Amino acid sequence: VHEEIDLTVEIPLVVGIVTTGALLLNRAWPPSTLLVLKVVAALVALGANLTCMVFVLRRRRAADEAAARAWSGPIAWTGLGVPFGLAAAVVGLAYF
């Protein structure tokens, strides 16, 4: 199920977020310090999300159950990107 969600929902969302973010950043050029911090936080969150997608795909293609289970830890660690995404969302909603 995780792979299906990544392929059908998350990848299109990431593409949309990057596209609209780049367009909005272009309109706000040169960026303020707060905007730079927001963009950096968003990029960290997006990087974690993309890393998670790669790990999920590798888990799905693992040769056996033990190899697939080995990907669960790295996938969980990508959750460290969530606070960065929340921070970017709060700054964006509150200040921009």
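Residues numbered from 1 in each chain as written. Predicted model: local features only at pLDDT ≥ 70, side-chain atom pairs only at ≥ 80, totals over all residues. Heavy atoms only, no water.

Colleague: I'd like to hear about the side chain of E3, residue by residue, with values.
Modeller: Relative to the assigned elements, E3 resides in helix α1 (residues 2-27). We classify E3 as buried; its relative accessible area is 9%. Other than its neighbours up to four places away in sequence, E3 contacts V56, L57, R60 and R61. (Helix = DSSP H or I, 4+ residues; strand = E, 2+ residues; numbered from the N terminus. Buried < 20%, exposed > 50% of the residue type's maximum accessible area, 1.4 Å probe, protein only. Contact = heavy atoms within 4.5 Å.)

Colleague: Got a sec to walk through the pattern of salt bridges? Specific residues and values, please.
Modeller: One pass over the structure, following the stated rule, counts three salt bridges. Between E3 and R60 there is a salt bridge, and its shortest N-O distance comes to 3.1 Å. With a gap of 57 residues between them, E3 in helix α1 and R60 in helix α2 (residues 33-60) connect regions that are remote in the sequence. Note that E65 and R69 form a salt bridge whose closest N and O atoms lie 3.8 Å from each other. Within this pair, E65 and its partner R69 are both found in helix α3 (residues 65-69), separated by four residues, close to a single helical turn. (Salt bridge = Lys/Arg side-chain N within 4 Å of Asp/Glu carboxyl O.)

Colleague: So what's going on with the packing of α2 against helix α5 (residues 82-95)? Which residues, and what values?
Modeller: Each packed pair of helices is defined by two parameters, the angle between the axes and the distance between the axes. Contact geometry of α2 with α5 gives a least axis separation of 7 Å together with a crossing angle of 145°. Crossing handedness for the pair α2 and α5: left-handed. The segment α2 lies against α5, with L34, K38, A41, A42, V44 and A45 engaging F84, G85, A88, V91, G92 and Y95. Classifying every residue of the contact of α2 with α5 by side-chain character gives nine nonpolar, two polar and one charged. (Axes fitted to C-alpha atoms, helices over the stretch in contact; angles between N-to-C directions. Left-handed = near helix turned anticlockwise from the far one by under 90°. Nonpolar A, V, L, I, M, F, W, Y, C, P; charged D, E, K, R; others polar.)

Colleague: Give a description of α2 that names residues and reports values.
Modeller: Under the 1.5 Å per step criterion, the end-to-end length of α2 is 41 Å for 28 residues, consistent within 8% with the ideal 40 Å. Of the positions making up α2, those classed as buried are L35, A41, A45, L46, A48, C52, M53, F55 and V56. On its buried face, α2 sits against α1, α4 (72-77) and α5. (Expected span 1.5 Å × (residues − 1).)

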